[in-house]
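Examination of the molecular architecture
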Amino acid sequence: MTATAPAPPADPPAGAPRPRRRARYVVAALLCVGAIVALLVVGLRGNVVYFRTVSEAVAARPTDGGQRFRLGGDVVASSVSELPDGSMRFRVTDGRATVTVVHRGEEPALFRHDVGEGQAVPVVCEGRWGSRGTFASDRILINHGNEYEPERKNFES
Amino acid sequence: MTGGARRAGLLGPRVSATTGVATAAALVALVVFGLAIAPPDEIQGDAQRIMYLHVPAAWAAYLAFGITTLASILYLWPRTRSIVWDLVAGASAEVGVVFTGLTLALGSLWARPVWGIWWAWDARLVTTAVLFFLYLGYLSLRRLPGTAESRGKRAAIAALIAFIDVPVVHFSVNWWRTLHQQATVFNPELDPQIHGVMAFTLWLGVLAFTLTYVYLLDRRYRLLALDEDREERELEAAIRARVGPGPAGGAGTTAGTTAGARAGVTP
Amino acid sequence: MNDAGFVVAAWGGTAAVLAAYVIRIAVRTRRAERSLPDGDPER
């Protein structure tokens, strides 16, 4: 939406077409170009692939130098447990490789519910390799699929 | 003078009013189905209801930019060049920017409850934000000075370049690994992952937003045509004032020539 | 589960944006119509 203020009532009779606030539109066009460049630079810098699969992450572990990355896979439903210090521990798998994740931080709203349903919950965890081959996560995103179906009625509710 | 023709809407008053009524009816039906009749999703619960707006808004944005592209081609093609196509392109792009903004905002409101974040730097989201700024930039470019024909050609070429991003946005979820899910209906397998009332509600949303687009395009086109018409009259008045009360024929010729140049070749 | 707030914001916000856009176009169209030399409404 271009925010155009109401046009001035009449232009000076003496002149050429009114300048049409052209400076404003030059600035606006340049700002748009700047925004596009910024988005592409920030957004796609090494991020065109949003997360690494478990196998890729395991393969890259010796060489990645402890940098932050996103790890994507399915939570093994039966593997979720809470540690005494309040962090959460679970295993994430891509079918070929499996990694233990220790998560410290907010728990997404749907996480407990989905895990409780016994489904393989697809997640993306942000963090880095920690000690003894575990992945230290501080943020869990739920990577929802493109399938939708009506809620089954729970008998107990 | 062609002013009279360019003061009309695209559809004509009666069709336009009918479209308005149909649009309102479809939107009301969408509210009823989207918020009351469609069941909550198995996994996402009620949050999934945002899909019935988010997906249609994205579709309407694609459609709007598609029409902008088509109109721009018709403007660039010498045989079909007409100010009408330039105005259609501009009006459609503005409506498209509104729908793209809605798509982004609705996506964000959907992402927070289901992903856990408002925004992700993934390929789908970034390319969609780029789309928003591409067409916002296009709308600014349209306002830069020049004769009608040079402005029209400049805008049409920019529109063709901007449209490249539309397929990139659509296929981004297949080309790159994203947090954003793949298309539910137009996925690579063409195997819809939604059924029954939920699918019906989604299609109703697409219909309602298509009608909304057509209605907005018609209204926005008419406003653009009126503005163009007024600018032309103001220019003529200004030229007449500058040339002064000389021989009537002389002033008239000057004004006519300039107005013709501004309006481009009219059909 | 606090989904209702997001759903209401999404649907209410969409309605507000579309209504504001339609009104803005209508108001500017009315103004442009009044500036026509013959005060010509649509046709």
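Residues numbered from 1 in each chain as written. Chains lettered and ligands numbered in written order. Predicted model: local features only at pLDDT ≥ 70, side-chain atom pairs only at ≥ 80, totals over all residues. Heavy atoms only, no water.

Details of the overall build of chain C
For chain C, the helix and strand inventory stands at 1 helix and 0 strands. Here chain C holds 43 residues, and 35% of them are scored as buried. Element-wise, carbon and sulfur atoms account for 64% of the exposed surface of chain C, whose accessible area totals about 2500 Å². (Helix = DSSP H or I, 4+ residues; strand = E, 2+ residues; numbered from the N terminus. Buried < 20%, exposed > 50% of the residue type's maximum accessible area, 1.4 Å probe, protein only. Areas by Shrake-Rupley, 256 points an atom, 1.4 Å probe, with all protein chains shown as cover.)

A short note on the environment of Ser72(B)
Within the element layout of this structure, Ser72(B) appears in helix α3 (residues 51–76). Apart from residues lying up to four places away in sequence, Ser72(B) is in contact with Ala89(B), Ala156(B), Ala159(B) and Leu160(B). (Contact = heavy atoms within 4.5 Å.)

Examining the nonpolar core
By size, the foremost hydrophobic cluster in this structure holds 98 residues, and its most contacted members are Phe90(A), Phe111(A) and Phe99(B). Phe90(A) has contacts with Val75(A), Ser79(A), Val80(A), Val99(A), Thr100(A), Val101(A), His103(A), Phe111(A), Cys125(A) and Ile140(A), leaving out every residue within four places of it along the chain. Listed in part, the 5 residues of the second largest apolar core include Ile36(A), Val126(B), Ala129(B) and Val130(B). (Core = buried A, V, L, I, M, F, W, Y, C linked by side-chain atoms within 4.5 Å.)

Examining the pattern of salt bridges
Tallied over the entire structure, the rule returns 22 salt bridges over all chains. Ionic pairing is found between Glu33(C) and Arg222(B), a salt bridge with its closest N-O pair at 2.8 Å. Of the two residues, Glu33(C) is situated in helix α1 (residues 3–34) and Arg222(B) in helix α8 (residues 196–243); the pairing between them involves two chains. Overall, Glu33(C) belongs to the buried group, its relative accessible area being 13%. Residue classification places Arg222(B) among the buried residues on the basis of a relative accessible area of 2%. Linked through salt bridges whose partners overlap, the residues forming this network are Arg68(A), Arg70(A), Glu126(A), Asp138(A) and Arg139(A). (Salt bridge = Lys/Arg side-chain N within 4 Å of Asp/Glu carboxyl O.)

Let's talk about the interface of chain B and chain C
Contacts between chain B and chain C engage 40 residues on the former and 25 residues on the latter. A buried area of about 2800 Å², summed over both sides, lies between chain B and chain C, and 71% of it is on carbon and sulfur atoms. Summed over the shared surface of chain B and chain C, the result is 2 salt bridges. A salt bridge links Arg28(C) to Asp227(B), with the nearest nitrogen and oxygen atoms 3.4 Å apart. For the pair chain B and chain C, the number of links is 6 residue pairs in polar contact (both at pLDDT 80 or more). Here the side of chain B that touches chain C takes 13 residues from α8(B), the largest share from any one element. Classifying every residue of the side of chain B that touches chain C gives 22 nonpolar, 6 polar and 12 charged. (Buried area = accessible area lost by both parts, 1.4 Å probe. Polar contact = N/O pair within 3.5 Å; in protein donor to acceptor, adjacent residues only side chain to side chain. Nonpolar A, V, L, I, M, F, W, Y, C, P; charged D, E, K, R; others polar.)

Some thoughts on the packing of aromatic side chains
Any pair of aromatic rings gets described here by the distance separating the centres and the angle formed by the planes. Residues and elements named next belong to chain B. Tallying each qualifying case throughout the model produces 14 aromatic pairs over all chains. Relative to Phe200, the ring of Phe33 has its centre 5.0 Å away and its plane inclined at 55°; by these criteria the two rings are tilted. Taken together, the positions of Phe33 in helix α2 (residues 13–37) and Phe200 in helix α8 put the pair 167 residues apart, joining distant regions of the chain. Overall, Phe200 belongs to the partly exposed group, its relative accessible area being 42%. (Phe/Tyr/Trp six-rings, centres within 6.5 Å; stacked < 30°, edge-to-face > 60°.)

Side note on helix α6 (residues 148–163) of chain B
All names here are of chain B. In this model, α6 (16 residues) spans 22 Å end to end at C-alpha, consistent with the 22 Å of a helix rising 1.5 Å per residue. All of the buried residues in α6 are Ala148, Arg151, Gly152, Ala155, Ala156, Ala159 and Ala162. Along the axis of α6, the buried positions cluster into a sector of 130°, meaning they face one direction only. (Expected span 1.5 Å × (residues − 1). Arc of directions from axis to C-beta.)

Side note on the packing of α3(B) against helix α4 (residues 83–114) of chain B
The relative placement of two packed helices comes down to the angle between their axes together with the axis-to-axis distance. Residues and elements named next belong to chain B. Between α3 and α4, the shortest axis-to-axis distance is 7 Å and the interhelical angle comes to 160°. By the angle between their directions, the pair α3 and α4 is classed as roughly antiparallel. α3 and α4 meet at a crossing whose hand is left-handed. Counted by class, the contact of α3 with α4 contains 22 nonpolar, 8 polar and 1 charged residues. (Axes fitted to C-alpha atoms, helices over the stretch in contact; angles between N-to-C directions. Parallel < 35°, antiparallel > 145°, perpendicular 65-115°, else oblique. Left-handed = near helix turned anticlockwise from the far one by under 90°.)

Here we look at a nonpolar patch on the surface
Nonpolar side chains collect at one region of the surface, where Val33(A), Val37(A), Val41(A) and Val42(A) lie side by side and expose about 310 Å² of accessible area between them. Looking at the secondary structure, you find Val42(A) in helix α1 (residues 22–43). (Patch = residues over 30% accessible without salt bridge, like charges linked within 9 Å, V, L, I, M, F, W, Y side chains within 5 Å.)

Concerning the interface of chain A and chain B
On the side of chain B, 55 residues touch chain A, which itself brings 54 residues to the contact. Glu106(A) serves as the salt-bridge partner of Arg112(B), at 3.9 Å between the closest nitrogen and oxygen. Those elements giving two or more residues to the side of chain A that touches chain B turn out to be α1, β1 (52–53), α3 (109–116) and β7 (135–142) of chain A. With 12 residues, the single largest contributor to the side of chain A that touches chain B is α1(A). By residue class, the composition of the side of chain A that touches chain B is 28 nonpolar, 12 polar and 14 charged.

So, the confidence of the model for chain B
Residues and elements named next belong to chain B. In the predicted model, chain B carries a mean pLDDT of 88, and the fraction of residues at 70 or more is 89%. Mean pLDDT across the elements of chain B bottoms out in helix α9 (residues 248–263) (43) and peaks in α3 (97). For residues 1–5, every residue scores under 50 in pLDDT, and the model assigns this stretch 5 contacts once sequence neighbours within four places are set aside. (pLDDT = per-residue confidence, 0-100.)

Description of helix α5 (residues 123–142) of chain B
One turn of the α-helix equals 3.6 residues, which is why residues spaced by three or four share an orientation. Between the first and last C-alpha of α5(B) there are 28 Å, a value that for 20 residues agrees with the 28 Å anticipated at 1.5 Å per step. At the N-terminal end of α5(B), a side-chain oxygen is found 3.2 Å from the backbone nitrogen of Arg124(B), two or three residues along, and the residue is Asp122(B).

What about the environment of Ile164(B)?
All names here are of chain B. Note on placement: Ile164 falls in the loop between α6 and α7 (165–175). Note on Ile164: relative accessible area 57%, which makes it exposed. Residues Ile164 and Leu131 lie 33 residues apart in sequence; the distance between their C-alpha atoms is 9.4 Å.

Regarding the side chain of Thr100(B)
Looking at where Thr100(B) falls in the secondary structure, it is placed in helix α4. If we ignore the near neighbours within four places in the chain, the residues touching Thr100(B) are Ala61(B), Phe65(B), Thr128(B), Leu131(B) and Phe132(B).

Brief notes about the side chain of Thr127(B)
Residue and element names in this part refer to chain B. Turning to its location among the elements, Thr127 is positioned in helix α5. A residue is classified by how much of its surface remains accessible, and Thr127, at 6% relative accessible area, is buried. Non-local contacts of Thr127, meaning those with residues more than four positions away in its chain, are made with Asp165, Val168, Val169 and Ser172.

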